[in-house]
Amino acid sequence: MKKRLLLMLVLALLLTFGATSAAWAATVDSGECGDNLTWTLDSDGTLTISGNGAMDDYELEWDYQANENNETSTAPWGKKAERINNIVIDSGVTSIGENAFYYLNNVENVDIASSVYVISEDAFSYCTSLTNVDIPNGVKYIETGAFECCTELTKVNIPKSTLKIENNAFYHCDNLIDIIIDNNNSNYSSYKGALYDKEKLTLLLYPYGRDYFEIYSETIIIDSLYYCNKLTDIVIPDYVNQINGSFPDSIKTVTLSENMTGYWFDLFSNCKNLTEVIFPERLADSNSFNKTHYLHNTFLNCTNLKEIKIPENVSELDRTFSGCENLEIVYLPVSLKKIDSDTFARCYNLKKIVYAGSETQWGAIYIANGNNSIADAEIVYLNNSGAT
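Just so it is clear, the structure is predicted and the values come from calculations on it, not from any experiment.

Scoring rules and cut-offs
Residues numbered from 1 in each chain as written. Predicted model: local features only at pLDDT ≥ 70, side-chain atom pairs only at ≥ 80, totals over all residues. Heavy atoms only, no water. Helix = DSSP H or I, 4+ residues; strand = E, 2+ residues; numbered from the N terminus. Buried < 20%, exposed > 50% of the residue type's maximum accessible area, 1.4 Å probe, protein only. Contact = heavy atoms within 4.5 Å. Areas by Shrake-Rupley, 256 points an atom, 1.4 Å probe, with all protein chains shown as cover. Lys, Arg positive; Asp, Glu negative; His and termini not counted. Charge placed at Lys NZ, Arg CZ, Asp CG, Glu CD. 1 Å grid on protein atoms, 1.4 Å probe; cavity = no way out; pocket = protein on both sides within 12 Å on 5 of 7 lines; lining within 4 Å. Points joined across faces, edges and corners; volume = space filled by probe spheres on them. Nonpolar A, V, L, I, M, F, W, Y, C, P; charged D, E, K, R; others polar. Core = buried A, V, L, I, M, F, W, Y, C linked by side-chain atoms within 4.5 Å. Disulfide = S-S within 2.5 Å. Pairing = 2+ DSSP bridges. Axes fitted to C-alpha atoms, helices over the stretch in contact; angles between N-to-C directions. pLDDT = per-residue confidence, 0-100. Salt bridge = Lys/Arg side-chain N within 4 Å of Asp/Glu carboxyl O.

*Asks:* I tried to follow the overall build of the protein on my own but got confused; where do I start?
*Replies:* Across its full length, the protein carries three helices and 31 strands. In terms of its C-alpha atoms, the protein occupies a principal-axis envelope of roughly 120 × 45 × 45 Å. Per-residue burial over the protein gives 47% buried out of 388 residues. Summarising the internal contacts of the protein: among those between residues at least 6 apart in sequence, 34% fall at separations of at least 24. Surface summary for the protein: the accessible area is close to 18,500 Å², and the carbon and sulfur share equals 47%. Computed over 27 positive and 52 negative side-chain charges, the inter-centroid distance for the protein is 6 Å.

Put into structure tokens, the structure is as follows:
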């Protein structure tokens, strides 16, 4: 009986040791990555940063055929991308260095300790297998490109401690759906997954993975939609008065707010899928000295646009339709005073201009060189009374 019990005990110990050994991952590489920091890579593919203080910053170096960019980080693990699946930043680490984990495209999980206060420029850029990131409370700064081109990233949680999210921190995160901000954050807020300033007056980042457009009811400024390449049809609510930057190339139809007060530069530039823009009958007074609007490069190279109606309170056009090769009909307002050079350049199919005023009023408009398409088009005057 005693022999049997002893045998069972030995077998149990062997099984326990075997299970422990299977679960234990051996260190396969290690080194230093800061004055008081070390790194280890284990056999399971986990890269761990340990110690106290800031990580080193790294640069990118030419590495032919390493990846699509032909670049790798100068970090000591930079050429081991195929072996790294997880990243752990241990407590005590205070910063994540520039380009530290660039193009580690097999990384699926990142665990960041709350001791980290800055995620530096391009730290996790091109971690294309990363799907979710929880930024711990303690991180104050997320720098430019920190998660650039993390194309599978769908959700990010931002804590109350974060003071600054730099422009393009999530540039080309094409499947990003939700940006969640802690309610106690003093600088930022979120509404239905989009990033706003604290008061929600400015939309700072609309998730690039969204294929529909819905914003907070009191937002007045849209900072940029340029990389939202899944949006095709947008209605801009009337409370919005300013859009900074351009619409995305994917856009097909847009209905604009009647309270837009300015910044038309390149608004639809190179939107080659654009077929329809609906303006209000009259734009609100702009921020310019004469309160009218100046459309510069607004529809540059919109090659699918065939018809457009420019609203009242627009006084000047400058290269507005240049390159609109299929534009056929344009409606122009009485408020128009100047058609600058090349406004209708390469508008090869322009057939008709419908002018809201009289022939006399049309004759008073200054038309600069580079608008030969106007001479070949039919001019229709809607004011037949001869009023000037």
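Further notes follow.
*Asks:* Got a minute to help me understand the layout of surface pockets in this structure?
*Replies:* Where empty space is left becomes clear once a probe the size of a water molecule has been rolled over the atoms. Here the largest pocket defines a volume of roughly 380 Å³. The wall of the largest pocket is formed by 18 residues, among which N167, N168, L204, L205 and D223 lie closest to the centre. Elements supplying a minimum of two residues to the lining of the largest pocket: β14 (164-165) and β18 (202-205). What lines the second largest pocket is simply E276, V277, I278, F279, P280, E281, E307, I308, K309, I310, P311 and Y331. Elements represented by at least two residues in the lining of the second largest pocket include exactly β23 (276-278) and β25 (307-309). Of the residues belonging to the lining of the second largest pocket, the class tally is eight nonpolar, no polar and four charged.

*Asks:* How should I be thinking about unusual backbone geometry in this particular structure?
*Replies:* Negative phi values dominate among residues other than glycine, just as trans dominates among peptide bonds. A positive phi angle, close to 60°, is found at D122, a residue other than glycine. We note that D266 has phi near 60°; this positive angle belongs to a residue other than glycine. Note that D266 resides in the loop between β22 (253-255) and β23.

*Asks:* Help me understand the nonpolar core in this model?
*Replies:* It is characteristic of soluble globular proteins that their nonpolar side chains tend to be buried jointly. The biggest cluster of nonpolar side chains holds 100 residues, and the ones touching the most others in it are W77, F101, F147, F247 and F299. Excluding residues within four positions of it along the chain, F147 makes contact with I119, F124, S125, L130, V133, I135, I142, L153, A169, F170, Y171 and C173.

*Asks:* Looking at this structure, how should I read the state of the cysteines?
*Replies:* Each disulfide consists of a covalent bond between the sulfur atoms of two cysteine residues. Inspection of every chain in the model, using the stated rule, returns zero disulfides. C228 takes part in no disulfide bond, and the closest cysteine sulfur, belonging to C173, lies 12 Å away. Relative accessible area serves as the criterion here: at 0%, C228 is assigned to the buried category.

*Asks:* Mind showing me how you'd approach the sheet that holds β25 here?
*Replies:* The pairing of strands in a sheet comes from backbone hydrogen bonds and takes either a parallel or an antiparallel form. Read across the open sheet, the four strands follow the order β25-β27-β29-β31; overall the sheet is parallel. Taken across any chain shown, the strands that pair with only one partner, and hence form the sheet edges, are β25 and β31 (378-381). Strand-to-strand twist across the sheet, computed as the mean angle between neighbouring axes with direction ignored, equals 15°. Judged from the four bridges that link them, strand β29 (residues 352-355) and β31 form a sheet pairing that is parallel. Note that in β31 the partner of V354 across the bridge is V380.

*Asks:* Looking at this model, I keep getting lost on the pairing of strand β3 (residues 46-51). Mind explaining?
*Replies:* In summary, the side chains of a regular strand alternate between the two faces of the sheet. Bridge count between strand β2 (residues 37-42) and β3: five bridges; the pairing is antiparallel. From the neighbouring strand, T38 faces β3, where its bridge partner is S50. Taking the residues between adjacent antiparallel strands as the criterion, β2 and β3 are bridged by three residues, where G45 takes a positive phi near 90°. For β3 and strand β7 (residues 86-89), the ladder comprises four bridges, and the chain directions are parallel. Within β7, the position partnered with T46 by the bridge is N86.

*Asks:* Just checking my understanding: could you explain the confidence of the model for the protein for this structure?
*Replies:* Any residue range with low pLDDT should be treated as having predicted coordinates unsuitable for detailed reading. The predicted model of the protein has a mean per-residue pLDDT of 92, with 92% of residues at 70 or higher. Below a pLDDT of 50 lies the segment residues 13-23, which in the model reaches one contact outside its immediate sequence neighbourhood of four places, other chains included.

*Asks:* Can you help me understand the pattern of salt bridges in this one?
*Replies:* Here the idea is simple: oppositely charged side chains can pair when their charged atoms come close. A full pass over the atoms with the stated rule returns ten salt bridges. For D285, the salt bridge goes to R282, with nearest N and O atoms at 3.7 Å. D285 gets classed as partly exposed once you look at its relative accessible area, which sits at 40%. The closest approach of N and O atoms between E316 and K338, which form a salt bridge, is 3.9 Å. Taken together, the residues E316 in strand β26 (residues 314-318) and K338 in strand β28 (residues 338-339) connect sequence positions 22 residues apart. Salt bridges sharing partners connect three or more residues here, namely E61, D63 and K79.

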